[in-house]
Amino acid sequence: MTDRRDIPYRFEPTATAAELHGVYGDLAAGQESGVGATVAGRLMLRRIQGKLCFGTLDDASGRIQLFAPASVTPDYDCFCGLSIGDWVGATGEVMKTRRGELSVKVEDWRLLAEARRRFPDKWHGLADTDTRYRRRYVDLWVTPEARRAVAIRSAMVAAIRAELARRGFVEVETPMLHPIAGGAAARPFVTHHNSLDCDFYLRIAPELYLKRLIVGGLTRVFELGRIFRNEGLSPRHSPEFTMLELYEAYADYTDMMTLTEEVVAAAATAATGAAEVPVGGRTLDLAAPWRRATMAEVVSEHLGLELPATGGPASRAAAELRTEADRHDVATEAGWSAGRILAEIYERRVEGELWDPVFVCDFPVEVSPLARRHRSIDGLVERFEAVAAGRELANAFSELADPDDQRSRFAAQESRRRSGDGEAMRTDEDYLRALEYGLPPTGGLGLGIDRLAMLLCGAETIRDVVLFPTLRPEAGSGES
RNA sequence: GCCCCCGUAGCCAAGGCCGGCAAGGCAGCGGACUUUUAAUCCGAAGACCGUGGGUUCGAAUCCCACCGGGGGCACCA
């Protein structure tokens, strides 16, 4: 008759494992439903009893047992000869075994794909991280957390899009190939376009293009996409990662705080069922509202003394902060303002200690070349970083709209670049031209999607929320 | 770029300090078994011990270099 090794061109499952458990979970042990179903998936376990064979089939939804008596199952010997890892489609009555395991009685079956390579140990799975990342297609079958991370991340991103759509934001796509790598301080990847015969940079941020769109009259825009930074790898850094950036006309950074805490809490609830998530054995409560504090406040709290936030490089405030920096082993440079030193102490010694979500507000102007000057404090800008579980989640500001101020900020960056700072920003003349057409008051926000996914998944490394992490290419072709 | 740790069969792994025939389990192969749940039982097999050098009568084990991974530092508005 039919050759069971023949692979069909299409196959129609009528139910998933989860659906069958939902509908027939109440069957009594040993009971037959009288209803047939067709399931498909990978055979992950197999128990042969002579004239009776049990298999465990995994599909995207979960697991279902295959119950195959020799008297019922066609080509029974072939069925028993299936390997762990083979893709199988099976049709038959839904029933429960005497021991109460919901099963499909295999009255017909097809091999859908052969697993020529042996699967990892059914109990211990994959322990070698290198293999897990390089062969994610195997890892996804044997590591439940890997599948869970995919589901959580997907639900999280969907919820973010839904929240933004509900608020009237328009999703756009701006270039990834940039003639000038702008919008952040980072080293870019360089590539070359042949027919234009010029170099392009993979974007390090979409910021400058999105603000051009605010100038263009799109008053609420966002982009959710990959950006690239040619820098070191770590459990929190990947050369390519996903960023949400959004811009809202007529809004300032306080509006961005409200938006951030609401969107993040909604995403957490949608993805994990609660705004409280377990992270490293502790609980992180992401429910709004989050604490708001100035950088000077959080640093003062952490060091246990009142510290100033502003003052020129020669001021008493700067001297006082430099003393504290030295005391806490934070390196500073001559010529730094009080705010710059404060920011350095914050980044090196305080940020990692902040557990509950907090908006750390008001950064020094020198490290924020695209943010608008603070409305009441000289030397600072209206900017915040959202921090949770010691990790930076988001960065936002009241956007700098004044083209003259922006030009002088770019000039300051250029002079830094001349003195050897490879990450300083370049002047973007077209962006200045856009500002000269008029950018209304605007609030902008950047949110690290991978970092948030890490929190929601309880992941210790960014590689666990990225399907195919960047690795050095394999030298050989593979094993066996 | 620097420092530390790891690499033993398709997978999980013992052995490494203190050099002497490379344990065990899963998967795979052969056999038994009609209600199993990591099925069980019997049998046979499977290893350039990451790669290349060195020390030694003898190296998975000690030393050096390299490759790959992990962690830390630096870098990361």
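Preceding this paragraph is the structure being described.
Cut-offs and rules
Residues numbered from 1 in each chain as written. Chains lettered and ligands numbered in written order. Predicted model: local features only at pLDDT ≥ 70, side-chain atom pairs only at ≥ 80, totals over all residues. Heavy atoms only, no water. Buried < 20%, exposed > 50% of the residue type's maximum accessible area, 1.4 Å probe, protein only. Helix = DSSP H or I, 4+ residues; strand = E, 2+ residues; numbered from the N terminus. Contact = heavy atoms within 4.5 Å. Near = heavy atom within 4 Å. Polar contact = N/O pair within 3.5 Å; in protein donor to acceptor, adjacent residues only side chain to side chain. Nonpolar A, V, L, I, M, F, W, Y, C, P; charged D, E, K, R; others polar. Axes fitted to C-alpha atoms, helices over the stretch in contact; angles between N-to-C directions. Parallel < 35°, antiparallel > 145°, perpendicular 65-115°, else oblique. Left-handed = near helix turned anticlockwise from the far one by under 90°. Salt bridge = Lys/Arg side-chain N within 4 Å of Asp/Glu carboxyl O. Pairing = 2+ DSSP bridges.

Engineer: Help me out: how do you make sense of helix H10 (residues 338-350) in this one?
Structural biologist: The periodicity of an α-helix, 3.6 residues per turn, causes residues three or four places apart in sequence to face the same way. With respect to burial, H10 is a largely interior element, ten of its 13 residues being buried. Looking only at H10, the buried set comprises Ala338, Gly339, Arg340, Ile341, Leu342, Ala343, Glu344, Ile345, Tyr346 and Val350. Residues of H10 that are buried make contact with helix H8 (295-303), helix H9 (316-327), strand E16 (358-364) and strand E17 (380-388).

Engineer: What am I meant to see in the protein's contact with RNA strand B here?
Structural biologist: RNA strand B sits among 49 residues. The nearest are Thr97, Arg99, His237, Glu423 and Arg472. Looking at RNA strand B alone, sugar and phosphate atoms form 57% of those within 4 Å of the protein. Between RNA strand B and Lys122, the relevant distance is 2.5 Å, taken from a phosphate oxygen to a side-chain nitrogen or oxygen of the residue. Backbone polar atom of Ala127 to a phosphate oxygen of RNA strand B: 2.9 Å apart, as the coordinates give it. Counting only elements with at least two residues in the surface near RNA strand B, the list comes to strand E1 (32-48), strand E2 (52-59), strand E3 (62-69), helix H3 (129-134) and strand E18 (391-398). Taken together, the residues that form the surface near RNA strand B break down as 16 nonpolar, eleven polar and 22 charged.

Engineer: Help me understand the packing of helix H6 (residues 207-215) against helix H12 (residues 429-437), please; the structure alone is not making it clear to me.
Structural biologist: What describes two packed helices is the angle between their axes and the distance between those same axes. Orientation of H6 relative to H12, taken along the N-to-C sense of each, is 25°, at an axis distance of 9 Å. As judged from the angle between their axes, H6 and H12 are roughly parallel. The way H6 lies across H12 gives a crossing that is left-handed. Within the contact between the two elements, H6 uses Leu208, Lys211, Arg212 and Val215 and H12 uses Asp430, Tyr431, Ala434 and Tyr437.

Engineer: Whenever I open this one, the environment of Pro357 confuses me. Can you help?
Structural biologist: Relative to the helices and strands, Pro357 is located in the loop between H10 and E16. The class of Pro357 is buried, set by a relative accessible area of 7%. Not counting residues up to four positions away in its chain, the partners in contact with Pro357 are Leu284, Asp285, Leu286, Trp290, Arg291, Val387 and Ala388.

Engineer: Sorry if this is basic, but what is going on with the pattern of salt bridges here?
Structural biologist: The full count for this structure, using the stated rule, is 33 salt bridges. In this structure, Arg161 and Glu171 form a salt bridge, with 2.8 Å as the shortest nitrogen-oxygen distance. Taken together, the residues Arg161 in helix H5 (residues 144-166) and Glu171 in strand E7 (residues 170-171) connect sequence positions ten residues apart. Accessibility expressed as a relative area gives 32% for Arg161, which makes it partly exposed. Here Glu163 ties to Arg167 by a salt bridge, and the two come within 2.7 Å at their closest N and O atoms. In this pair, the class of Glu163 matches that of Arg167, namely buried. Here the salt bridges share partners, and the residues they tie into one network are Glu163, Arg166, Arg167 and Glu262.

Engineer: What should I look at first to understand the sheet that holds strand E10 (residues 198-202) in this one?
Structural biologist: Paired through backbone hydrogen bonds, the strands of a sheet run either parallel or antiparallel to each other. In spatial order, the strands read E8-E10-E9; together these three strands make up an open sheet with antiparallel pairing. The sheet is open, and its two borders are formed by strand E8 (177-178) and strand E9 (190-193), each paired with just one other strand. Bridge count for E8 against E10 is two bridges, and the pairing is antiparallel. What sits directly across from His178, in E10, is Tyr201.

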